[in-house]
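Chains, contacts and geometry: an overview
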Amino acid sequence: MADINAIAKQFTDYYYTTFDANRSGLAPLYRDHSMLSFESQQLQGTAAIVEKLTSLPFTTVQHRVSTLDAQPSATDKASIIVLVTGQLITGDEANALSFSQTFQLIPEGGGYYVYNDIFRLVYG
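These figures come from a predicted structure and were not determined experimentally.

1. Observations regarding the sheet that holds strand β2 (residues 41-44)
- Judged by pairing direction, the sheet is mixed, and its 6 strands sit side by side in the order β2-β1-β6-β5-β4-β3 without closing on themselves. Taken across any chain shown, the strands that pair with only one partner, and hence form the sheet edges, are β2 and β3 (61-72). Put simply, the sheet's adjacent strands are angled 15° from each other on average, direction ignored.
- In this structure, β3 lies alongside strand β4 (residues 80-90), joined through 11 bridges in antiparallel fashion. The partner of P72 across the bridge, within β4, is I80.
- Running over the sheet, helix α1 (residues 4-21) touches β1 (30-38), β3, β4, β5 (97-108) and β6 (111-122) and is turned about 155° from β3.
- Its contacts with the sheet put helix α2 (residues 46-54) on β1 and β2, and the angle it makes with β1 is roughly 40°.

Right under this line is the structure:
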């Protein structure tokens, strides 16, 4: 069995580096049946997800991952659930915002794609 923690770390490093530099570059990670829940707004499909991510009202962002947990999510294939917590800084904001994000990764062609993506800011 592959080391799911290593896969999760590699995925999240790539995801947040790409998100912070060029959000439209995340398109290859999603499929037409992928879903994103972003602060209770649900979107389905690569085009809708990328449109949402690229239309967020900030030009610069930096993610800082604090915790990363991964578990297998099925017995019949090597899918993985990944839970990330961290902080993000947008634009010229001095204060970081806490966030939580969960991904379900599905194996495909020697790699993984995002089947489910749930993002929430954490207040309080």
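2. Examining the packing of aromatic side chains
- As enumerated under the stated definition, the model contains 9 aromatic pairs in all.
- Summarising the aromatic geometry, the rings of Y15 and Y16 are spaced 5.1 Å apart at their centres and angled 85° between planes, so their arrangement reads as edge-to-face.
- What makes Y15 buried here is its relative accessible area of 1%.
- Both rings, one in Y16 and one in F103, keep their centres 6.4 Å apart while their planes meet at 65°; by these two values the pair is edge-to-face. With a gap of 87 residues between them, Y16 in helix α1 and F103 in strand β5 connect regions that are remote in the sequence. The pair Y16 / F103 is uniform in exposure class, with both members buried.
- One aromatic cluster in this structure is built from F11, Y15, Y16, F19, F38, F99, F103 and F119.

3. Section: unusual backbone geometry
- One non-glycine residue, E39, lies in the positive phi region at around 50°.
- Here E39 is to be found in the loop between β1 and β2.
- Here E39 falls in the partly exposed class, since its relative accessible area comes to 24%.

4. Some details on empty space enclosed by the protein
- Under the counting rule described, the total for this entry stands at 1 cavity of 30 Å³ or more.
- One number sums up the size of the largest cavity: a volume of about 40 Å³.
- For the largest cavity, the full set of lining residues is Y15, Y16, F19, F38, L53, H63, Q101 and F119.
- Classifying every residue of the lining of the largest cavity by side-chain character gives 6 nonpolar, 2 polar and no charged.

5. Section: the nonpolar core
- Grouped together as the largest cluster of nonpolar side chains are 28 residues, with contacts concentrated most on Y15, F19, Y30, L53, V82 and F103.
- Elements that contribute at least two residues to this core include exactly α1, β1, α2, β3, β4, β5 and β6.
- Considering every element that reaches this core, the biggest residue donor is α1, with 7 residues.

What counts, and at which threshold
- Residues numbered from 1 in each chain as written.
- Predicted model: local features only at pLDDT ≥ 70, side-chain atom pairs only at ≥ 80, totals over all residues.
- Heavy atoms only, no water.
- Pairing = 2+ DSSP bridges.
- Helix = DSSP H or I, 4+ residues; strand = E, 2+ residues; numbered from the N terminus.
- Axes fitted to C-alpha atoms, helices over the stretch in contact; angles between N-to-C directions.
- Contact = heavy atoms within 4.5 Å.
- Phe/Tyr/Trp six-rings, centres within 6.5 Å; stacked < 30°, edge-to-face > 60°.
- Buried < 20%, exposed > 50% of the residue type's maximum accessible area, 1.4 Å probe, protein only.
- 1 Å grid on protein atoms, 1.4 Å probe; cavity = no way out; pocket = protein on both sides within 12 Å on 5 of 7 lines; lining within 4 Å.
- Points joined across faces, edges and corners; volume = space filled by probe spheres on them.
- Nonpolar A, V, L, I, M, F, W, Y, C, P; charged D, E, K, R; others polar.
- Core = buried A, V, L, I, M, F, W, Y, C linked by side-chain atoms within 4.5 Å.

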